[in-house]
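If you want the building blocks of each chain, they are given just below.
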Amino acid sequence: MKKSIIQNCLMATLLSTATLLTGCSSNSSQDQTEEKINNLISQMTLQEKIGQMNQIVGGGDIDQLKEEVKKGHIGSILNEIDVKTINELQRIAVEENHLGIPLIIARDVIHGFKTVFPIPLAQAATWNADVVKAGARVAAEEATAVGVRWTFAPMLDISRDARWGRIIESLGEDPYLASKLGVAMVDGFQGESLSQPNSMAACAKHFCGYGASEGGRDYNSTQISEEQLRNFYLTPFKAVEEAGCATFMSAFNDLNGIPCTANQHLLKDILRKEWGFDGVVVSDWGSVHEMINHGLAANGAEAAEQAVNAGVDIDMMGFDYIKNLEASVKEGKVKESTIDEAVRYILRLKFRLGLFDNPYVKEGGEKTFYAPEYLQAAKEAAVKSCVLLKNSNNALPLSESVKSVAVIGPMADAPHDQLGAWTMDGDKEHTITPLRALREQYGDKIKINYVQALEFSRDRNTSNFAAAVNAARSSDVVLFFAGEESSLTGEAKCLADITLPGAQKELLAAVSKAGKPIVLIILAGRPVEIHKELPMADAFLYAWHPGTMGGPAIVDLLFGKETPSGKLSVSYPLTVGQLPYYYNHKNTGRPAHEKVQLMDDLQQNEVQTSLGMTCYYLDAGKDPLYPFGYGLSYTTFSYGDIQLSTDNIKEGQNIKASVIVKNTGTRKGMETVQLYIRDMFASLTRPVKELKGFQQFTLEPNETKTVEFTISTEELKFFNAANEFVAEPGEFSVFIGGNSRDVKESKFTLN
Ligand code: BGC
């Protein structure tokens with residue numbers, strides 16, 4: 001959108017017709033803003049300029065904070081959400097300092113402010129940009145009601161490793177899906193116009209490659225080739241930059257030897273020069289100072305110099321800019337023009353947010369918290385993000401003849417944990433848990449035998465197991481709510497063992513002895529390793545950490561008021577040893593056979609002869625437990641063969657690929673049809689499949705729909721060894737299906 005305004009204005013200037021020029025009023029107001037910015041900069045002392053580049057946390061010693069604001073030593077504040085304090089700080093900034101520059105108030109509003117939506121990884125499983133956008137809009141409405149005008153989201157780190165705690169914040173492993181949903185999130189946060197008081201600046205983070213942290217260990221080093229960086233990790237960032245995302249955050253990780261916060265290649269060559277980004281770049285919390293630990297800077301002054309010279313405009317909680325940059329400029333280590341440039345970006349953002357016109361927030365905004373329509377949107381997001389992974393003998397939905405259910409497990413009634421990590425403001429008192437929803441909706445019709453058995457996910461106390469088994473025995477069906485506490489997920493919450501924690505596996509085994517059908521519902525922040533326990537479950541519903549309205553969403557799915565439609569946004573690993581795992585990998589010179597046998601199924605000496613020499617694990621095979629894009633419904637869909645509009649195209653032309661999809665089951669259901677391509681031979685090795693489109697729609701039983709995708713040569717392009725974005729002539733495969741594995745295939749040639 002931003003680009004199109006600029007392009008339109010450029011056109012207008014070129015044509016220089018009076019009509020077009022008057023239609024381009026944004027241009028002249030942009031000029032006026034730039035003039036005001038220059039004016040302000042000309043009145044600022046060096047220390048005041050550096051003050052704008054200093055971001056500090058609220059709370060603490062409020063008098064000192066006020067004093068610093070008055071002196072112009074602080075440009076933005078994070079984590080202050082008290083309306084009166086915010087207004088008072090703004091008043092001091094605009095009235096008691098001669099420059100009158102308002103502050104920006106920032107906060108991590110990641111998947112909701114008060115009304116908590118499912119974690120981003122779950123939202124990505126909706127494959128639905130409208131749902132994601134609505135979630136960000138609700139978050140913005142609630143957060144701006146207390147004066148927060150800048151969120152540190154969306155997190156766009158391509159995530160291939162479930163050990164990494166921050167996988168919860170990501171939009172999954174696929175650059176195309178993350179791009180579409182990342183843009184939706186930015187649109188939701190930023191609203192119609194950034195200057196509206198209910199809009200907040202979005203922040204694309206963590207730039208870049210943080211998801212590739214070695215071993216899935218947080219903050220760890222990353223080694224990412226330019227080819228991987230451009231073809232995978234940068235893709236969603238580029239998409240949101242083009243969509244007008246106002247700010248970027250430099251990542252903690254060291255990328256190919258240079259921490260992102262000092263990485264000129266990333267921040268200057270790519271973000272500023274290639275992409276033309278004119279918004280603000282903020283460091284991550286303390287990441288400027290952490291360059292000392294990385295061993296790149298000997299002290300805070302060097303760290304500040306490296307970061308600012310690389311293009312980091314704001315030092316978040318590092319204090320190195322405010323302490324050192326004045327001297328660095330005087331010593332000639334940092335040019336004053338570099339400081340001016342950073343300040344220009346920051347002031348531009350403040351103008352864009354309309355803060356110079358109105359820095360204050362109206363009191364009483366909390367009345368909108370948890371509004372019924374927000375809760376409804378959160379419930380819809382939770383319904384659509386749950387992924388049905390197993391449903392033997394149609395164990396779900398529960399039949400009307402069910403008269404009693406055993407509700408067992410630590411996650412059935414965990415109001416705090418189901419909110420997920422990065423819930424800073426949502427109150428657990430507003431959470432509706434599955435147990436509560438079940439009691440409210442079915443308490444008078446069905447006998448609910450609840451035995452929590454384990455108090456929390458890591459609990460190892462087995463003393464209530466017998467009661468749980470008895471509850472199972474005296475019920476028609478068991479609803480087993482397993483998973484992870486939210487505190488096992490998120491930043492610095494990485495795990496080497498991603499199986500169900502505590503004694504949950506043992507509890508499930510004990511309960512299964514009762515011989516009743518078991519519906520396993522997992523509430524977690526990552527795909528939990530489950531293949532050993534899965535045979536005990538008749539049905540398996542993945543609910544992630546579903547947020548405030550997770551309970552009613554899950555209950556509606558269990559009882560068939562809603563039909564599952566979520567599809568995995570990451571490959572579901574069979575075992576932790578397969579990680580990192582992603583569907584869009586390269587072929588090797590010795591690709592795996594279609595069907596592989598595991599060593600446990602083979603006799604002595606057979607291992608060598610039967611398995612051949614390929615790239616998979618002898619004990620875990622090549623396949624994940626469930627592939628990327630997978631998810632069942634209560635109905636079934638069939639796919640016809642792919643029809644291509646032609647079998648060869650030239651650069652600049654399009655090809656249409658269509659299939660007939662039919663609802664072959666007995667219930668209405670929503671399907672997400674996925675389009676993948678593969679460049680069979682190219683100047684660089686290419687992924688075995690890459691998502692290039694998806695469409696979502698609902699079909700009645702027996703209804704069919706012809707689904708058509710238009711593939712342009714843009715979709716065939718990739719960054720080659722010379723960093724050119726090109727489509728290379730040759731053969732391409734097209735795949736269409738309901739997940740990345742079960743697909744129809746056809747081929748065409750680009751001449
Ligand atoms: C995280 C960021 C977050 C920042 C501010 C850091 O520790 O890495 O994602 O935005 O803190 O809270």
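Everything numeric in this text was worked out from a predicted model, so none of it was measured.

Draft legend 1. Examining the overall build of the chain more closely. Across its full length, the chain carries 22 helices and 27 strands. Relative to the compact-globule value of 27 Å for 751 residues, the chain shows a C-alpha radius of gyration of 27 Å, a close match. When its C-alpha atoms are laid out on the principal axes, the chain stretches across 80 × 65 × 55 Å. For the chain, the residues scored as buried account for 60% of the 751 residues in total. In the structure as shown, the chain presents an accessible area of about 28,700 Å², 49% of it carried by carbon and sulfur atoms. Separation between the mean location of the 73 positive side-chain charges and that of the 94 negative ones in the chain comes to 3 Å.

Draft legend 2. Spatial organisation of the pattern of salt bridges. Tallied over the entire structure, the rule returns 38 salt bridges. Put simply, Lys747 and Glu745 hold a salt bridge, and the shortest N to O gap is 3.4 Å. Overall, the relative accessible area of 35% leaves Lys747 in the partly exposed class. On the basis of relative accessibility, which here comes to 48%, the residue Glu745 falls in the partly exposed class. By sharing partners, the salt bridges in this structure join Lys70, Glu88, Arg91, Glu95 and Glu96 into a single network.

Draft legend 3. The arrangement of the site of the ligand in detail. Around the ligand sit 13 residues, and of these Asp108, Arg166, Lys205, His206 and Asp284 come closest. Here an oxygen atom of the ligand and a side-chain polar atom of Arg166 are 2.7 Å apart. Asp284 has a polar side-chain atom sitting 2.6 Å from an oxygen atom of the ligand. Coverage of the ligand by the protein chains reaches 93% of its 310 Å² of free accessible surface.

Draft legend 4. Quick look at the sheet that holds strand E10 (residues 315-316). Here 5 strands make up an open sheet; going across it, the order is E4-E3-E2-E1-E10 and the pairing parallel. Since the sheet does not close on itself, it has two edges, and those belong to strand E4 (150-151) and E10, each with one partner. Bridge count between strand E2 (residues 76-78) and strand E3 (residues 104-107): 3 bridges; the pairing is parallel. The partner of Ser76 across the bridge, within E3, is Ile104.

Draft legend 5. Spatial organisation of the packing of helix H8 (residues 129-144) against helix H17 (residues 372-385). Between H8 and H17, whose axes approach to 10 Å, the crossing angle comes to 145 degrees. The hand of the H8/H17 crossing is left-handed. Of H17, the residues touching H8 (which contributes Val131, Val138, Glu141 and Glu142) are Tyr374, Ala377, Glu380, Ala381 and Lys384.

Draft legend 6. Spotlight on the side chain of Arg272. Relative to the helices and strands, Arg272 is located in helix H12 (residues 264-274). Of the residues examined, Arg272 reaches a relative accessible area of 14% and is grouped as buried.

Draft legend 7. Representation of the packing of helix H18 (residues 434-442) against helix H21 (residues 550-558) within the structure. Running from amino to carboxyl end, H18 crosses H21 at an angle of 60 degrees, the nearest separation of the two axes being 7 Å. With respect to H21, the axis of H18 lies oblique. The crossing of H18 and H21 is right-handed. Here H18 contributes Pro434, Ala437, Leu438, Gln441 and Tyr442 to the contact with H21, which in turn contributes Gly551, Pro552, Ile554, Val555 and Asp556. Residues belonging to the contact of H18 with H21 are distributed by class as follows: 7 nonpolar, 2 polar and 1 charged.

Draft legend 8. Quick peek at the pairing of strand E21 (residues 669-679). For E21, the tally of buried residues reaches 11 of 11 residues, placing the bulk of the element in the interior. Of the two faces of E21, the one carrying Gly669, Glu671, Val673, Leu675, Ile677 and Asp679 and the one carrying Met670, Thr672, Gln674, Tyr676 and Arg678 are both buried. Looking at chain direction, E21 and strand E22 (residues 690-699) are connected through 9 bridges and run antiparallel. Bridged to Ile677 within E22 is Glu690. By the bridge criterion, 6 bridges tie E21 to strand E26 (residues 730-737) in an arrangement that is antiparallel. The residue of E26 that forms the bridge with Gln674 is Gly737.

Draft legend 9. Seen up close, the environment of Ala510. Along the chain, Ala510 falls in helix H20 (residues 504-512). Under the relative-accessibility criterion, Ala510 is labelled buried at 19%. Sequence separation between Ala510 and Asn587 is 77 residues; the distance between their C-alpha atoms is 43 Å. Sequence-distant contacts of Ala510, defined by excluding residues within four places in its chain, comprise Phe465 and Val469.

Draft legend 10. Highlighting H21. Of all 9 residues in H21, 9 are buried; the element is thus mostly enclosed. Taken residue by residue, H21 has Gly550, Gly551, Pro552, Ala553, Ile554, Val555, Asp556, Leu557 and Leu558 as its buried positions. Contacts from the buried residues of H21 go to H17, H18, strand E14 (477-483), strand E15 (518-523) and strand E16 (539-542). Taken from the residues just after H21, Gly560 is the one with a positive phi, measuring 80 degrees.

Draft legend 11. View of helix H16 (residues 336-352). Taking 1.5 Å per residue, 17 residues should reach 24 Å; H16 reaches 24 Å between its end C-alpha atoms and fits that length. Counting buried positions over the 17 residues of H16 gives 12, a clear majority of the element. Burial in H16 covers these residues: Thr338, Ile339, Asp340, Ala342, Val343, Tyr345, Ile346, Leu347, Arg348, Leu349, Lys350 and Phe351. Two residues or fewer past H16, Gly354 is found with a positive phi of approximately 75 degrees.

Draft legend 12. Local environment of the sheet that holds strand E6 (residues 247-250). On the basis of which strands lie adjacent, the open sheet formed by 3 strands has the order E5-E6-E9 and parallel pairing. Pairing within the sheet leaves two strands with one partner each, and these edge strands are strand E5 (203-207) and strand E9 (280-282). Geometrically, the sheet is characterised by an average inter-axis angle of 25 degrees between neighbouring strands, direction not taken into account. Across 3 bridges, the pairing between E6 and E9 is parallel. By the bridge assignment, Thr247 is partnered in E9 with Val280. With respect to the sheet, helix H11 (residues 235-242) is in contact with E5 and E6, its orientation differing from that of E5 by roughly 155 degrees. Against the sheet, H12 engages E5, E6 and E9, with an angle of about 160 degrees to E9.

Draft legend 13. Examining the pairing of E14 more closely. Burial analysis of E14 places 7 of its 7 residues in the buried class, which makes it a mostly covered element. The alternating pattern of E14 places Val477, Leu479, Phe481 and Gly483 and Val478, Phe480 and Ala482 on opposite faces, both of which are buried. One ladder, built from 6 bridges, connects E14 with E15; its direction is parallel. Looking at the pairing, Phe481 lines up with Ile521 of E15.

Draft legend 14. The arrangement of the environment of Gly209 in detail. Relative to the helices and strands, Gly209 resides in the loop between E5 and helix H10 (226-233). Along the primary structure Gly209 and Ile158 are separated by 51 residues, whereas in three dimensions their C-alpha atoms are 7.3 Å apart. Beyond its immediate chain neighbours, meaning those up to four positions away, Gly209 contacts Thr222, Ile224, Tyr233 and Asn253.

Draft legend 15. Up close: the packing of aromatic side chains. Counted under the stated rule, the structure contains 25 aromatic pairs. Summarising the aromatic geometry, the rings of Phe540 and Tyr572 are spaced 6.3 Å apart at their centres and angled 75 degrees between planes, so their arrangement reads as edge-to-face. Of this pair, Phe540 sits in strand E16 while Tyr572 sits in the loop between H21 and helix H22 (606-611), and the two are 32 residues apart along the sequence. For the residue pair Phe540 and Tyr572, the accessibility class agrees, reading buried in each case. Through a chain of ring-to-ring contacts, three or more aromatic side chains come together here, namely Trp127, Tyr176, Tyr583, Phe628, Tyr676 and Phe694. Lying across the ring of Tyr582, Arg160 places its NZ or CZ 3.6 Å from the centre. The cationic tip of Lys689 hangs over the ring face of Phe735; the distance from NZ or CZ to the ring centre is 5.1 Å.

Analysis parameters
Residues numbered from 1 in each chain as written. Predicted model: local features only at pLDDT ≥ 70, side-chain atom pairs only at ≥ 80, totals over all residues. Heavy atoms only, no water. Helix = DSSP H or I, 4+ residues; strand = E, 2+ residues; numbered from the N terminus. Rg over C-alpha atoms; globule rule 2.2 N^0.38 Å. Buried < 20%, exposed > 50% of the residue type's maximum accessible area, 1.4 Å probe, protein only. Areas by Shrake-Rupley, 256 points an atom, 1.4 Å probe, with all protein chains shown as cover. Lys, Arg positive; Asp, Glu negative; His and termini not counted. Charge placed at Lys NZ, Arg CZ, Asp CG, Glu CD. Salt bridge = Lys/Arg side-chain N within 4 Å of Asp/Glu carboxyl O. Near = heavy atom within 4 Å. Polar contact = N/O pair within 3.5 Å; in protein donor to acceptor, adjacent residues only side chain to side chain. Pairing = 2+ DSSP bridges. Axes fitted to C-alpha atoms, helices over the stretch in contact; angles between N-to-C directions. Left-handed = near helix turned anticlockwise from the far one by under 90°. Contact = heavy atoms within 4.5 Å. Parallel < 35°, antiparallel > 145°, perpendicular 65-115°, else oblique. Nonpolar A, V, L, I, M, F, W, Y, C, P; charged D, E, K, R; others polar. Expected span 1.5 Å × (residues − 1). Phe/Tyr/Trp six-rings, centres within 6.5 Å; stacked < 30°, edge-to-face > 60°. Lys NZ or Arg CZ within 6 Å of the ring centre and 35° of its normal.

Function-wise, these values are silent; they only describe arrangement.
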